[in-house]
Amino acid sequence: MRFSVLASGSSGNAIYVENDDHAFLVDVGLSGKKMEQLFAKIGRDMKNLSGILVSHEHSDHIKGLGVVARKYKVPIFANEKTWQAMDGLIGNVPTDLRFNFNMETVQSFGSLNIESFAVSHDAADPMFYAFHENGRKLVVITDTGYVSDRMKGIIRGADSFVFESNHDIGMLQMGRYPWSVKRRILSDVGHVSNEDAAVAMSEVVFEKPTQIYLSHLSKDNNMKDLARMSVTQTLQSCGIIAGEYVHLHDTDAEEPTMLVTV
C-alpha cells in the first residue's frame, strides 16, 4: 500500500492511496486541471482510479469532485447525509457513479479494506478513513474539533498517519480572524490545534516505525516549523522520541508528498 498527500489545507485537500490492484482518492478539493497536474507529479493517471472517498461536503474537499468523476468515470463513495449535502454543489453525477459508504463500516476491494469512522466537524455527517492491507494500516484524520476515545480506538497503532495539526492556539487568538471564526475553529466541531493533535498522537502511536504527516495546517495561524516543534515536544514529554521511531513530515497546499509505502 502506497500513498501521497497531494494537497492539504484550506485551499484544497486530496490524498491518493493505492495498492497493486486499486487506487483511491480521499476528497478532491482542487480543480480538475490542478488534480491532473498533481497526479503527473507523482507519476500516476486519474483514469486508473477505482473510486473517490468523500469525507464531507466543504468546498476545500469537493471542489473538483464532480468534474473528475464525470471526466474519468470514477465512482464516488459517500454517506447518505453527505450525498444530500453535496446536492447542487458538484453538478450532475450519473447514477452508476454514485455509491453509499455508510458511517462506521468497512468496504473491501480485493486485499484492501477501507474503514470509515466519524469525526467532529461542522458538516452534515463528516467521516474519515483507515486503510488496511496485510497487517499494515494507514489513517487519514483531518477536519475534526477533537479526537474522541472512539476515534483513538480505531486509529491506534497505524503505521502511517495523515493527521490534522491545524493551528497554533496563540497565533489564532492573536490573529486577524473575527471572533466568530476563531470560536468556530476552537470549538468541538472546528479543527484540532498543534497541541491537541500532539496529545492525541501520543495516545495512538505504538513503539514501532511510524510515519506522521502533519496536515491541514492553517496559512494564517500556523507554521510548519511550529507544528513540528509542538508535536515533537509533546511526544517527547510522553516518552515518545520523535526521530527514533516516529518520523514527522510536512504537507503542503501546492506540492504533493512523494509516494511512499505504508
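Everything discussed here concerns the structure shown above.
Rules and cut-offs
Residues numbered from 1 in each chain as written. Predicted model: local features only at pLDDT ≥ 70, side-chain atom pairs only at ≥ 80, totals over all residues. Heavy atoms only, no water. Phe/Tyr/Trp six-rings, centres within 6.5 Å; stacked < 30°, edge-to-face > 60°. Helix = DSSP H or I, 4+ residues; strand = E, 2+ residues; numbered from the N terminus. Buried < 20%, exposed > 50% of the residue type's maximum accessible area, 1.4 Å probe, protein only. Polar contact = N/O pair within 3.5 Å; in protein donor to acceptor, adjacent residues only side chain to side chain. Salt bridge = Lys/Arg side-chain N within 4 Å of Asp/Glu carboxyl O.

Colleague: Can you help me understand the packing of aromatic side chains in this one?
Modeller: Between two aromatic rings, the relevant description is the distance of the centres plus the angle of the planes. This structure, assessed with the given rule, holds seven aromatic pairs. Residues F3 and Y213 carry aromatic rings whose centres are separated by 5.2 Å and whose planes lie at 80 degrees to one another, so their mutual orientation is edge-to-face. Residue F3 is located in strand β1 (residues 2-7), and its partner Y213 is located in strand β12 (residues 210-215); the two are separated by 210 residues in the primary sequence. Neither residue differs from the other here; F3 and Y213 are each classed as buried. Ring centres of Y16 and F39 lie 5.3 Å apart, and the angle between their planes is 75 degrees; on these two criteria the pair is classed as edge-to-face. Note that Y16 is positioned in strand β2 (residues 14-18) and F39 in helix α1 (residues 32-41), a separation of 23 residues in sequence. Judged by relative accessible area, Y16 falls into the buried class, the value being 3%.

Colleague: Before we go on, may I ask you to explain the side chain of H216 in this structure?
Modeller: Structurally, the position occupied by H216 is in the loop between β12 and α9 (224-237). Take H216: its relative accessible area is 3%, and that puts it in the buried class. For H216, the side chain forms a polar contact with the side chain of D60, separated by 3.5 Å. Engagement of the side chain of H216 in a polar contact is seen with the side chain of D143, the distance being 3.4 Å.

Colleague: Sorry if this is basic, but what is going on with the side chain of S160 here?
Modeller: On the secondary structure map, S160 appears in strand β11 (residues 160-164). Owing to a relative accessible area of 1%, S160 belongs among the buried residues under this scheme.

Colleague: Honestly, the pattern of salt bridges in this entry has me stumped. Any pointers?
Modeller: Where charged atoms of side chains with opposite charge meet at close range, the side chains can pair. Per the stated rule, a full pass over the model turns up 15 salt bridges. Close ionic contact of R184 with D122 constitutes a salt bridge, the shortest N to O distance being 2.8 Å. Taken together, the residues R184 in helix α7 (residues 179-186) and D122 in the loop between β8 (112-118) and β9 (127-133) connect sequence positions 62 residues apart. Note on R184: relative accessible area 29%, which makes it partly exposed. Judged by its relative accessible area of 32%, D122 is partly exposed. Between R176 and D220 there is a salt bridge whose closest N-O contact spans 3.1 Å. On the criterion of sequence distance, the pair formed by R176 in the loop between α6 (169-174) and α7 and D220 in the loop between β12 and α9 is long-range, its members being 44 residues apart. The network of salt bridges with shared partners includes R2, E18, D20 and R44.

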